[in-house]
Structures are given as C-alpha cells and as structure tokens.
Amino acid sequence: MSELDFLLKKRKNIEENKNVEEVKNETKENVNNNNTDKIKNEMKKFLERDPKIGVWSYPAFLVLQYLYHTIPGFKMSRVAKEALERGLKEMYPELFEIAVKITEEKFK
C-alpha cells in the first residue's frame, strides 16, 4: 500500500466516523426539538411494508450458522431480531422508543 493509499483510507475513515456522529447528533436534535410528531408520521408510512431486513456481515453470518448447526432448535431469525433490536435501542434510544410505541398502537 502506498503512502497516498494509506492517507486516503485514513481520511475516508475519519470522514465516515464524522458522518456517523453527525447523524447521531442530528437524530438526537430532531427528537429533542419536539419533532416527535414528524418522526412518528414518517415511521407510520412504513407500517404496511414487509418488515424484512437484509444484512451483509460475515462475522454475524458465521456465528449464526455455527449456533444453528450446533444447538438443536436454534432459531436464527429470532436471535438476529433480538440482536438488531438491542443494538438499535442502544444506538438510537429516542427513535427506538417512538418505533415501539407506534408498533404497540398498530398491533393492539
């Protein structure tokens, strides 16, 4: 790897990290600025869609495959759902709380 490649890769990583932090801060600001109704309305648009999510991750795939083949009755989709929900709840607690309320209202 040339020095230029190294610097470009480092710059890209820094920019990606800044973008992630900016999105998190922007999300918190949106929720904190009483945009809850706007967020709810936007989320409600997606309620009629199929809630399947595709994820591309070799480490997650390998762990789930190992567990599936070594534990009788292991439910890959259930564990993937729980892991994804825990992660999102930790990363975006305000948005996740709004999504939970909308889901509860929809499926009462």
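Look up a bit, the structure's there.
Residues numbered from 1 in each chain as written. Predicted model: local features only at pLDDT ≥ 70, side-chain atom pairs only at ≥ 80, totals over all residues. Heavy atoms only, no water.

Asks: Sorry, what's going on with the overall build of the protein here?
Replies: Counting secondary structure elements, the protein contains five helices and zero strands. Secondary structure elements in the protein, listed N-terminal to C-terminal, are α-α-α-α-α. By residue count, 7% of the 108 residues in the protein fall in the buried class. Sequence separation of at least 24 residues holds for 61% of the intrachain contacts in the protein that already meet a minimum separation of 6. For the protein, the exposed area adds up to about 9,700 Å²; of that, 55% sits on carbon and sulfur atoms. (Helix = DSSP H or I, 4+ residues; strand = E, 2+ residues; numbered from the N terminus. Buried < 20%, exposed > 50% of the residue type's maximum accessible area, 1.4 Å probe, protein only. Contact = heavy atoms within 4.5 Å. Areas by Shrake-Rupley, 256 points an atom, 1.4 Å probe, with all protein chains shown as cover.)

Asks: I tried to follow the pattern of salt bridges on my own but got confused; where do I start?
Replies: Where side chains of opposite charge bring their charged atoms close, a pairing between them can arise. Within this structure, the stated rule accounts for three salt bridges. Between K106 and E48 there is a salt bridge whose closest N-O contact spans 2.9 Å. Placement of the pair is K106 in helix 5 (residues 93-106) and E48 in the loop between helix 2 (36-44) and helix 3 (58-70), with a sequence separation of 58 residues. The partly exposed category is assigned to K106, whose relative accessible area is 38%. Where E85 meets K81, a salt bridge forms, and the shortest distance between an N and an O atom there is 3.6 Å. In this pair, E85 and K81 both sit in helix 4 (residues 76-91), four residues apart, roughly one turn of the helix. (Salt bridge = Lys/Arg side-chain N within 4 Å of Asp/Glu carboxyl O.)

Asks: I'm lost on the packing of aromatic side chains in this one. Help?
Replies: For the structure shown, the criterion picks out one aromatic pair. Relative to Y58, the ring of W56 has its centre 5.9 Å away and its plane inclined at 75°; by these criteria the two rings are edge-to-face. Judged by relative accessible area, Y58 falls into the exposed class, the value being 54%. (Phe/Tyr/Trp six-rings, centres within 6.5 Å; stacked < 30°, edge-to-face > 60°.)

Asks: In this structure, what is going on with the layout of surface pockets? I would like to understand it.
Replies: Empty space among the atoms becomes apparent when a probe as large as a water molecule is rolled across them. Roughly 1,500 Å³ of volume is contained in the largest pocket. As for the largest pocket, its lining consists of 36 residues, and the residues nearest its centre are P51, I53, L84, E85 and L88. At the level of elements, helix 2, helix 3, helix 4 and helix 5 are the ones that each hand at least two residues to the lining of the largest pocket. Tallying contributions element by element places helix 4 first for the lining of the largest pocket, with nine residues. (1 Å grid on protein atoms, 1.4 Å probe; cavity = no way out; pocket = protein on both sides within 12 Å on 5 of 7 lines; lining within 4 Å. Points joined across faces, edges and corners; volume = space filled by probe spheres on them.)

Asks: What am I meant to see in a nonpolar patch on the surface here?
Replies: Taken together, the side chains of I53, V55, L84 and L88 present a nonpolar region at the surface, about 370 Å² in accessible area. Position of V55 among the secondary structure elements: in the loop between helix 2 and helix 3. In this structure V55 comes out as exposed when scored by relative accessible area, which is 62%. (Patch = residues over 30% accessible without salt bridge, like charges linked within 9 Å, V, L, I, M, F, W, Y side chains within 5 Å.)

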